[in-house]
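Chain by chain, the residues run as shown.
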Amino acid sequence: MCFNIPIIKKEIIKLNLEKLRIRRIGDSFSSLLKDNSSILDIGCGNGNLGEYLILNKNIFYHGVDIIKNKNLSNITFTKSSFPYPFEDKSFDTVIIILTLHHFDNPENGLKEAVRLAKNNILLLEDVPRNNLERNLMKLIDFIGNKWVSKDIPIPFNFYSDEIWQSLFIKYKLKLKSRKKVFPLPFPRLNHYLYELILE
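Residues numbered from 1 in each chain as written. Predicted model: local features only at pLDDT ≥ 70, side-chain atom pairs only at ≥ 80, totals over all residues. Heavy atoms only, no water.

Caption draft 1: Representation of the packing of helix H3 (residues 106–116) against helix H5 (residues 161–170) in the model. Closest axis-to-axis distance for the H3/H5 pair is 11 Å, and the angle between their directions is 40°. In this view, H3 runs oblique relative to H5, as classed from their interaxial angle. Judged by the twist between their axes, the crossing of H3 over H5 is right-handed. Counting all contacts with H3, which are made through Pro106, Glu107 and Leu110, the residues of H5 involved are Trp164, Leu167, Phe168 and Lys170. Grouping the amino acids of the contact of H3 with H5 by side-chain chemistry returns 5 nonpolar, no polar and 2 charged. (Axes fitted to C-alpha atoms, helices over the stretch in contact; angles between N-to-C directions. Helix = DSSP H or I, 4+ residues; strand = E, 2+ residues; numbered from the N terminus. Parallel < 35°, antiparallel > 145°, perpendicular 65-115°, else oblique. Left-handed = near helix turned anticlockwise from the far one by under 90°. Contact = heavy atoms within 4.5 Å. Nonpolar A, V, L, I, M, F, W, Y, C, P; charged D, E, K, R; others polar.)

Okay, structure coming up:
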């Protein structure tokens, strides 16, 4: 029995950190989502955020991811790799939460979001300000994602704020707002939530 204690503690810590992370991210997004709008969540992961959003906001939510690691009975989900099986402008809003750095080419993910969104895109990403922060992000990304699933690709494609903003211009996205979001209290690395309007 003693040998199971570390495993139990690990699961309790994991569960509590996940709840805190979902609440912080969900609350940051809720105020930017319009009632009765259709939402596509690119890289929705385990679906916990989607479940949180539909409990706190009157939206039509659809998640898409390369893996399905729980029974997503409360949300609409499509298991698919990129590109996604939806018609152009299928959703009012596309949300992308700490996902594009998992793409071999994050720009392709942003371009796909532009194709699928009617009105706006909400993009939350790790945005390193220096090499130290980039290396810490790599370490945390590796540990956190391997904890979730060995199938998640981890190419560490973290873009700077300057690169993101140049891509917004390239794809004719108006940057309405940019704010810092901290999914967990520590470490307080740089995460930006970009609110983008399709022009």
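Still more to cover.
Caption draft 2: Seen up close, H3. Within H3, 8 of the 11 residues are buried, leaving the element largely enclosed by the surrounding structure. Of the surrounding secondary structure, the elements contacted by the buried residues of H3 are strand S1 (38–42), strand S4 (91–97), strand S5 (117–126), H5, strand S6 (173–180) and strand S7 (191–198). N-cap assignment for H3: the residue whose side-chain oxygen lies 3.0 Å from the backbone N of glutamate 107 is asparagine 105. (Buried < 20%, exposed > 50% of the residue type's maximum accessible area, 1.4 Å probe, protein only. Polar contact = N/O pair within 3.5 Å; in protein donor to acceptor, adjacent residues only side chain to side chain.)

Caption draft 3: Representation of H5 in the model. Those residues of H5 lying buried are Asp161, Trp164, Leu167 and Phe168. Viewed end-on, H5 has its buried residues packed into an arc of 125°, placing them on one side of the element. Across H5 from its buried face, at more than 90 degrees, point the exposed residues Glu162 and Ile169. Of the surrounding elements, those touching the buried residues of H5 are H3, S5, S6 and S7. Lysine 172, located one to two residues past H5, shows a positive phi value of around 55°. (Arc of directions from axis to C-beta.)

Caption draft 4: Representation of the nonpolar core. Ranked by internal contacts, the top residues of the largest apolar core, which has 28 residues, are Ile42, Val94, Ile121, Trp164 and Leu173. Those elements giving two or more residues to this core turn out to be S1, S4, H3, S5, H5 and S7. Among residues more than four places away in sequence, those in contact with leucine 173 are Leu110, Val114, Ile121, Phe168, Leu196, Ile197 and Leu198. Counting residues in hydrophobic clusters, the runner-up holds 21 residues, among them Phe29, Cys44, Leu98 and Leu193. (Core = buried A, V, L, I, M, F, W, Y, C linked by side-chain atoms within 4.5 Å.)

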